[in-house]
Amino acid sequence: DKLAVVSVSVQIIMFAGAAHSVAGNMIGDLNQDNNFVTNECPGSPEDGCWAVFDGHGVLGEHASRIAASTIELLLTESTDLLDGQSVNEGIVSAVLYAHQNICASYNVAPKQYTYGNRGDYTLKIGDDQAFYVNTSDESDAIPVEYGTAALIALKKGPTIFIGWCGDSKAVVGGLTRENDPTSLVTSTLNTPHTLANSKERMRLKKECHNNSRVSIEESKVLLGGFELEITRAIGHPDLSCTAEIMELELKEEVQVLILATKGVWDHLCEEDAVKIALQNEDAVDAAEAIVQAACSLNPNPDQQDNATAIVVYFDLE
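Remember, it's a predicted structure, so these values are computed and weren't measured experimentally.

What counts and what doesn't
- Residues numbered from 1 in each chain as written.
- Predicted model: local features only at pLDDT ≥ 70, side-chain atom pairs only at ≥ 80, totals over all residues.
- Heavy atoms only, no water.
- Helix = DSSP H or I, 4+ residues; strand = E, 2+ residues; numbered from the N terminus.
- Buried < 20%, exposed > 50% of the residue type's maximum accessible area, 1.4 Å probe, protein only.
- Pairing = 2+ DSSP bridges.
- Phe/Tyr/Trp six-rings, centres within 6.5 Å; stacked < 30°, edge-to-face > 60°.
- pLDDT = per-residue confidence, 0-100.
- Contact = heavy atoms within 4.5 Å.
- Core = buried A, V, L, I, M, F, W, Y, C linked by side-chain atoms within 4.5 Å.
- Polar contact = N/O pair within 3.5 Å; in protein donor to acceptor, adjacent residues only side chain to side chain.
- Axes fitted to C-alpha atoms, helices over the stretch in contact; angles between N-to-C directions.
- Salt bridge = Lys/Arg side-chain N within 4 Å of Asp/Glu carboxyl O.
- Expected span 1.5 Å × (residues − 1).
- Arc of directions from axis to C-beta.

Attention shifts here to unusual backbone geometry. Even without being glycine, Leu-59 reaches a positive phi, approximately 65°. One can find Leu-59 in the loop between strand E4 (48-56) and helix H1 (60-76). Residue class for Leu-59 comes out buried when judged on its relative accessible area of 2%.

Burial analysis of strand E18 (residues 307-313) places 7 of its 7 residues in the buried class, the great majority of the element. Along E18, one buried face is formed by Ala-307, Ala-309, Val-311 and Tyr-313 and the opposite face, lined by Thr-308, Ile-310 and Val-312, is buried too. The pairing of strand E1 (residues 16-22) with E18 spans 7 bridges and is antiparallel. By the bridge assignment, Gly-17 is partnered in E18 with Val-312. With 5 bridges connecting them, strand E17 (residues 256-260) and E18 associate as antiparallel partners. Residue Leu-259 lies in a different strand from E18, and its bridge partner there is Ile-310.

Glancing now at the packing of aromatic side chains. Across all of its chains, the model carries 5 aromatic pairs by this definition. Here Phe-36 and Phe-53 contribute two aromatic rings whose centre-to-centre distance is 6.1 Å and whose plane-to-plane angle is 35°, an arrangement assigned as tilted. Taken together, the residues span a long stretch of sequence, with Phe-36 in strand E3 (residues 33-38) and Phe-53 in strand E4 at a distance of 17 residues. Of the two residues, Phe-36 and Phe-53, neither departs from the other in class, the shared state being buried. Taking 4.3 Å as the distance between ring centres and 10° as the angle between the ring planes, the aromatic pair formed by Tyr-106 and Tyr-146 counts as stacked. Taken as a pair, Tyr-106 in the loop between helix H2 (87-105) and strand E5 (112-114) and Tyr-146 in the loop between strand E8 (137-143) and strand E9 (147-156) lie far apart in primary sequence, 40 residues in all. Note on accessibility: Tyr-106 and Tyr-146 belong to one class, buried. Aromatic ring contacts, followed pair by pair, group Tyr-113, Tyr-115, Tyr-121 and Tyr-132 into a single cluster.

Now for the confidence of the model for the protein chain. The share of residues in the protein chain with pLDDT of 70 or more is 95%, and the mean pLDDT across the chain is 92. Per-element mean pLDDT across the protein chain ranges from 89 in strand E2 (residues 26-29) up to 98 in helix H4 (residues 262-265). Within the model, the stretch residues 4-13 combines pLDDT values under 50 with 22 contacts to residues more than four positions away or in other chains.

On to the nonpolar core. When a protein is soluble and globular, its nonpolar side chains tend to lie buried together. Phe-53, Ile-71, Leu-75, Tyr-115, Tyr-132, Ile-152 and Ile-234 are the most contacted members of the largest nonpolar core, which has 38 residues in total. With 6 residues, the single largest contributor to this core is H1. Counting residues in hydrophobic clusters, the runner-up holds 26 residues, among them Ala-260, Ala-273, Ala-286 and Ala-309.

With that out of the way, let us pick up the side chain of Thr-308. Position of Thr-308 relative to the elements: it lies in strand E18. For Thr-308, the side chain forms a polar contact with the side chain of Asp-33, separated by 2.8 Å. What Thr-308 contacts, discounting residues up to four positions off in sequence, is His-20, Ser-21, Asp-33, Asn-35, Val-52, Leu-259, Ala-260, Thr-261, Val-264 and Val-291.

One open sheet holds the 4 strands; their spatial order is E5-E6-E7-E8, and the pairing between them is antiparallel. Edge positions in the sheet fall to E5 and E8, since each has one partner strand and no second. The average angle at which neighbouring strand axes cross in this sheet is 35°, direction not considered. With 5 bridges joining them, strand E6 (residues 120-125) and strand E7 (residues 130-134) adopt antiparallel strand pairing. Paired with Ile-125 across the strands is Ala-130, a residue of E7.

Before going further, it helps to spend a moment on the pattern of salt bridges. Going through the model one piece at a time under the given rule, you end up with 13 salt bridges. The residue Lys-262 makes a salt bridge to Asp-266 at a minimum N-O spacing of 3.0 Å. For Lys-262, a relative accessible area of 24% corresponds to the partly exposed category. Its relative accessible area of 38% is what places Asp-266 among the partly exposed residues. Note that Lys-275 is salt-bridged to Glu-271, the shortest N-O span being 3.1 Å. Of the two residues, Lys-275 and Glu-271 are both situated in helix H5 (residues 270-279); the distance of 4 residues between them amounts to about one turn of the helix. On the basis of relative accessibility, which here comes to 33%, the residue Glu-271 falls in the partly exposed class.

This paragraph deals with helix H3 (residues 198-210). Taking 1.5 Å per residue as the helical rise, H3 with its 13 residues ought to reach 18 Å, and the 19 Å between its terminal C-alpha atoms agrees with that figure. Taken residue by residue, H3 has Glu-200, Leu-204 and Cys-208 as its buried positions. For H3, the angular spread of buried residues about the axis comes to 80°, placing them on one side. Summarising the geometry of H3, the exposed residues directed more than 90 degrees from the buried face are Ser-198, Lys-199, Met-202, Lys-206, His-209 and Asn-210. Structurally, the start of H3 carries an N-cap: the backbone nitrogen of Lys-199 is 3.1 Å from a side-chain oxygen of Asn-197.

Written out as structure tokens, the structure reads:
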């Protein structure tokens, strides 16, 4: 059922952003999502940066954590690594640095690893690939292949730059007429990098010709023995990590920005997420309400993915 909009008269300052995240149950209580919320960038309080990360594979939580810490540092702190680059170039470079850091972590993968409710695993190094082998069932061997999707929003002056790599989505919305729920407008800012995206499918098919480790099987991307549902990610040596960028000029009707991982959008439509955000006066409450609504709409609650949402309010006056 569609959610009704409750009109409220609120005064919300710029950068009222907050995140909420819950672990799914497909691998126990292991949450491989990550995020960061920077409502005022150091040295530039009029700017802000927010991001969500959706890790996958064994050590997926490590990948999302490395990506979050690397990208937050590069985009919000003063470093010389991005000097001379445009905002777009800086986001692409920050994602590439995160990719390199995750790929380097393959060399120091822990010898023992607990993969949620799947059990305890021991690292085994093969001739061509490393595996985590279940200590209780040696036939359960998982390739050491892990990474993360990323979705970044960086505000510079009146412009929001959205950078993404993977299948998380960014949505904006608001009311074009004060206290008029029928004037609600929403907009999805990015197209996920999946095989349902015809441009991505075409691009990946070309890559398959140049790399025997990459192949397509129906809706899945195969990296050796590892399956993925996305065509770009951070941390996979054989998969593109190039972030796609779009820009949005802030206007009066852009009252809320929502960044969320696939575990939210699998069950909650963009319009309802914006409605929930506008029903709340607090970003913390709104982010939690969006995640809870998404999980409650899952017809198979025992197959819930990790779910993370960030809500950022802009001046509603």
